[in-house]
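Remarks on the overall topology
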Amino acid sequence: MTDTPLLDASGVAKSFGAVKALTDARLTVARGEVVALMGANGAGKSTFVKILTGALRPDRGRVLIRGQEARVGSPRGARRSGLVPVYQEPSLIPDLDVMDNLRLGDTPVDPFRHWVEALGIKGLRLTDLIGDLPLATLRILDLARALAAEPDVLLLDEMTAALPTDLVERVLETVRAKADAGLGVIYVSHRFTEISRLCDRATVLRDGRTVGELPIEPGVEDRAVELMLGETIDLGQRDAATLQAVRRGTPRLAVRGLAAAPKLQDVSFDLHAGEVLGVVALEGQGQDELFDVLAGFRKPTGGTVSVDGQAASFAHPADAIAAGLSYVPGNRAEALLAQRSVRENIALPFSARMRDWGPLRLRHERARVAHAIEKLQIDTRAQGEVQRLSGGNQQKVTIGRWLATGVETLLLFDPTRGIDVRTKRQIYPLVRELAEQGAAVLFYTSELAEVPLACDRAVVIFGGRVVDVIEAGAADEATLMRAAYGLTAQEGAA
Amino acid sequence: MSMADTDTPLVRFGRVLRDNPMIPLIAFLLLLIAVLEVMRPGIVMPFRIGRDGLISSFWLGNLIKFAIPLAMLAACQVLTMLTAGIDLSVGVVATVSAFVCATLSSIWGVPQAVMMALACGLVVGLVNGFGVGIVRVHPLIMTLGTGLIATGCLQVYQRYVINAGSEIPAFLEWLGTGRTMGMPNGLFLFLPFAAFILWLMRYTGFGRNLFALGSNETAAKLSGVKSWQVLMALYALSGLIAALTGLLYLGMIRAPSLSLANPLLLPSVAAAVIGGTSIFGGRGSFAGAIVGALILRVLDTMLTLLQMPEGARTALFGLIILAVTALYVRITGTR
């Protein structure tokens, strides 16, 4: 029996009308194996995941779990047959407490508690209301609940997206340990660093078929990207002389001692027109508050902001926009009118001010919107409603809105969270191009590997304070990671 | 995968209907008129020439005449519902406007009385806008409250003007009861009004902001929309429209009372909802509401023809509205 894989899916095909989402997908997971499932958006990844978890029935092909034909057909069926999924979005009911949620899923309490502790969540009470718990904790609870169900195969779908770095570590360690004890894991992720640390193999989907199964070894990133895209891109750094010229003169945005109680303590930096400044921080170090203040969503409790040398304070996002600061929030759902068209979403700022309440300037609007769509290569096949677009295209719409109005200072908060490699690789050059054309860009990312790809330098925030400023050339992941944990600051103090 | 790939033909058909909500609505209206014709042959389509031709145009004119004030008040509901709001003060505001105009015309003269009536609507609307946009009271509660306050004020006001008597301005009577080529003169007011509302919703920045606020207020704020400004203007406009409707209704009924236009309130909400406007905001159509108002009037005619007792008629009316709305929501997938 040991030779029989825990999960063996082969020849899986699924069409929706004329659209072939999957043509020939296969995936095997052996005992004790962690397999990464990779693919750009539109490769059929989510359809495949839905079939594996029983949410969809395949048109052709079979899914064997422990050698048994899994006639899953329903999520409950998949669960019974030993496959338990954990998704990117928390699946707990916010109005109930932890205990009630466990009861709903027939989750045994003691193992659940054990895993919660093991995953690094301290002081959780079973009477805590789910809605009161932070998002990161909820993801961990989902995972603990899945582990407590003692599955044969665990499916993690982008579950580390937006988890703080320290919790990601715990998750990776715990999952690895559990796999070493015989669990099979399917790991769906866009993050190479996590995949190379956790996984044994990577299965790559492209255009609905499995195009490769790679062992994880040094250099696998390039191979995987090649398989996913069929091309590789290398973005070099801008030379020092250009950057020096850019950083001369009055900064576009000068932040001095900015504080927003309780998390943002004391942050200062200069952002010049023509440069991309990265912001690196673990979850909850005050970066949310920093962007909220700069975007006019929150009043600072101390410090100053000046734009082009003029002191500025923003009571409403409209004030920030008037000062040329455009904000793209981390959560796309916050920024989009889901039921409205691409055009209306992009043109939203055009009619915001009272003096623009009159007749729409349709010709002007169409031209600006078309320009933004072309610039960002937004796939407009489903432009009637933004909610029908893929995640990557939705993110492009939120950025396109500001391209259409004309960007002076762009505040990007984790713009590549949960989107596919292809879109990410369109966003980095775009950000750089905007900077080269004279925009100032502040770029927070939860994925450290992005810093050298998109930024000229990065400020590292820890405990609400800037602890380091690192030039992109020196911004390898290890350096950024140490800085993000405040290690350089401690060394400095010692 | 985008959602579009996972739809069954039925869902896609539903989406076509949702993108073109006028198709099922107009079909339903025509169906109702056909049923009416079966119930009372000759009322819609006279086959004999002569007297029945007059009856037909009389019926159609009447249908439109009484649908106009309903559709105008439904405009208030459509506009406010776009922002996930509602205006429950419109019935009272229309009544106040009519009453104020009728009582002041003999004292101050007609133009001043009309201005005063419209000002009353504007004031109630501004108070609504202040409550909803700045204090952030739920629109349902806010407009219900201002409606009650206005009713109270009207009763106090009545005591002071009781001796003055009332006068219906002649041009309002012409507008409310007169006919031109068989069609009610109210259309002279309504057609430009409807064109204005349709234009406002579709081709102005203000209209865009209404849709934006109802779809996602955070996204609107993020783009620099100050919601309080929009809501203030919106409820003020709604109050004005209600007051204008009151003036038209005064000319139509010619007997101002303390509850003149109040019974139009709930049908105005129903007309908007039947017309495909979502009470949760972000989706709505005034053209749909106009057809909704016509549907309600045809239903009313049918129930009258059945010669039921008043109570049963009202109950059946409510039942039909619920059924139609539920069916429509099911077909088009809107809410």
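Residues numbered from 1 in each chain as written. Chains lettered and ligands numbered in written order. Predicted model: local features only at pLDDT ≥ 70, side-chain atom pairs only at ≥ 80, totals over all residues.

1. Comments concerning the overall build of chain B
- Secondary structure summary: chain B contains 14 helices and 2 strands in total.
- Split into buried and exposed, the 335 residues of chain B put 47% on the buried side.
- Partitioning the intrachain contacts of chain B with sequence separation of at least 6 by distance along the chain shows that 74% fall at a separation of at least 24. (Helix = DSSP H or I, 4+ residues; strand = E, 2+ residues; numbered from the N terminus. Buried ≥ 20, exposed ≤ 12 C-beta atoms within 10 Å, placed from the backbone. Contact = placed C-beta atoms within 7 Å.)

2. Here's the deal with the overall build of chain A
- A tally of regular secondary structure across chain A gives 19 helices and 20 strands.
- Taken against the 2.2 N^0.38 rule, which gives 23 Å for 494 residues, the C-alpha radius of gyration of chain A at 24 Å falls within 12% of a compact globule.
- Taken along its principal axes, the extent of the C-alpha atoms in chain A is 70 × 60 × 45 Å.
- Burial status across chain A gives 49% buried among its 494 residues.
- In chain A, the share of contacts with a sequence separation of at least 24, taken over all contacts with a separation of at least 6, comes to 69%. (Rg over C-alpha atoms; globule rule 2.2 N^0.38 Å.)

3. Observations concerning the interface of chain A and chain B
- Across the boundary between the two partners, chain A contributes 36 residues, which contact 27 residues of chain B.
- Listing elements by their share of the side of chain A that touches chain B, those giving two or more residues are strand 2 (19-29), helix 1 (45-52), helix 11 (317-322) and helix 12 (332-335) of chain A.
- A total of 3 residues in the side of chain A that touches chain B trace back to one element, the largest contributor, which is helix 11 of chain A.
- Tallied by class, the residues present in the side of chain A that touches chain B amount to 21 nonpolar, 8 polar and 7 charged. (Nonpolar A, V, L, I, M, F, W, Y, C, P; charged D, E, K, R; others polar.)

4. Structural notes on the domain arrangement of chain A
Residue and element names in this part refer to chain A.
- Here chain A is described as being made up of domain 1 (7-229) and domain 2 (240-484).
- Look at where the C-alpha atoms of domain 1 and domain 2 centre, and you get two points 31 Å apart.
- Tallying the contact residues gives 18 residues for domain 1 and 18 residues for domain 2.
- Breaking the side of domain 1 that touches domain 2 down by element, the ones donating at least two residues are helix 6 (165-180), helix 7 (192-198) and helix 8 (220-229).
- Per-element accounting of the side of domain 1 that touches domain 2 gives the leading share, 3 residues, to helix 8.
- In terms of residue class, the side of domain 1 that touches domain 2 is made up of 9 nonpolar, 6 polar and 3 charged. (Domains from an automatic or database assignment.)

5. Examining helix 15 (residues 391-405) of chain A
Residues and elements named next belong to chain A.
- Spanning 15 residues, helix 15 covers 22 Å between terminal C-alpha atoms, matching the ideal 21 Å at 1.5 Å per step.
- Approximately 30° is the largest bend angle found in helix 15, and it occurs at I399.
- In the stretch just after helix 15, G406 is the one whose phi turns positive, near 100°. (Expected span 1.5 Å × (residues − 1). Bend = angle between axes of the 7 residues up to and from the residue.)

6. Considering the packing of helix 9 (residues 205-215) of chain B against helix 11 (residues 227-253) of chain B
Residue and element names in this part refer to chain B.
- As a packed pair, helix 9 and helix 11 sit with axes 10 Å apart at the nearest point and diverge in direction by 110°. Judged on the interaxial angle alone, helix 11 and helix 9 are roughly perpendicular. Two packed elements cross with a definite hand, and for helix 9 against helix 11 that hand is left-handed. Where helix 9 abuts helix 11, its residues F206, N209, L210 and L213 lie against S227, V230, A233 and L234. (Axes fitted to C-alpha atoms, helices over the stretch in contact; angles between N-to-C directions. Parallel < 35°, antiparallel > 145°, perpendicular 65-115°, else oblique. Left-handed = near helix turned anticlockwise from the far one by under 90°.)

7. Brief notes about the confidence of the model for chain B
Residues and elements named next belong to chain B.
- A residue-level look at chain B finds 89% of positions with pLDDT of 70 or above and a mean pLDDT of 87.
- Scored below 50 in pLDDT, residues 1-5 shows 15 contacts in the model against residues more than four places distant or in partner chains.
- With pTM at 0.75, the complex prediction returns an ipTM value of 0.83. (pLDDT = per-residue confidence, 0-100.)

8. A word on the pairing of strand 13 (residues 276-280) of chain A
Residues and elements named next belong to chain A.
- Of all 5 residues that make up strand 13, 5 are buried, and the element is covered over most of its length.
- Neither face of strand 13 is open: one carries V276, G278 and V280, the other L277 and V279, and all of them are buried.
- Here strand 13 pairs with strand 18 (residues 440-444) via 4 bridges, running parallel. Residue pairing across strands places L277 opposite L442, the latter belonging to strand 18.
- With 4 bridges connecting them, strand 13 and strand 19 (residues 457-462) associate as parallel partners. Looking at the pairing, V280 lines up with V460 of strand 19. (Pairing = 2+ DSSP bridges.)

9. Brief notes about unusual backbone geometry
Residue and element names in this part refer to chain A.
- Of the consecutive residues A261 and P262, the connecting peptide bond is found in the cis state with omega at -5°.
- Even without being glycine, D308 reaches a positive phi, approximately 50°.
- Within the secondary structure, D308 is located in the loop between strand 14 (302-307) and strand 15 (310-312).
- In the Ramachandran plot, D414 falls in the positive-phi region, its phi being about 50° despite a non-glycine side chain.

10. Details of the environment of A:E173
- Looking at the element boundaries, A:E173 is found in helix 6.
- Note: C-alpha distance between A:E173 and A:Y444 (271 residues apart in sequence) is 26 Å.

11. A look at the pairing of strand 16 (residues 325-328) of chain A
Residues and elements named next belong to chain A.
- In strand 16, alternate side chains face the same way, and those of L325 and Y327 on one face and S326 and V328 on the other are all buried.
- The sheet contact formed by strand 16 and strand 17 (residues 409-413) spans 4 bridges and is parallel. By the bridge assignment for strand 17, S326 is matched with L410.

12. Some thoughts on the confidence of the model for chain A
- Here chain A averages 85 in pLDDT, while 93% of its residues score no lower than 70.
- In this model, residues 489-494 of chain A is a region of pLDDT below 50 whose contacts with residues beyond four sequence positions or in other chains number 2 contacts.

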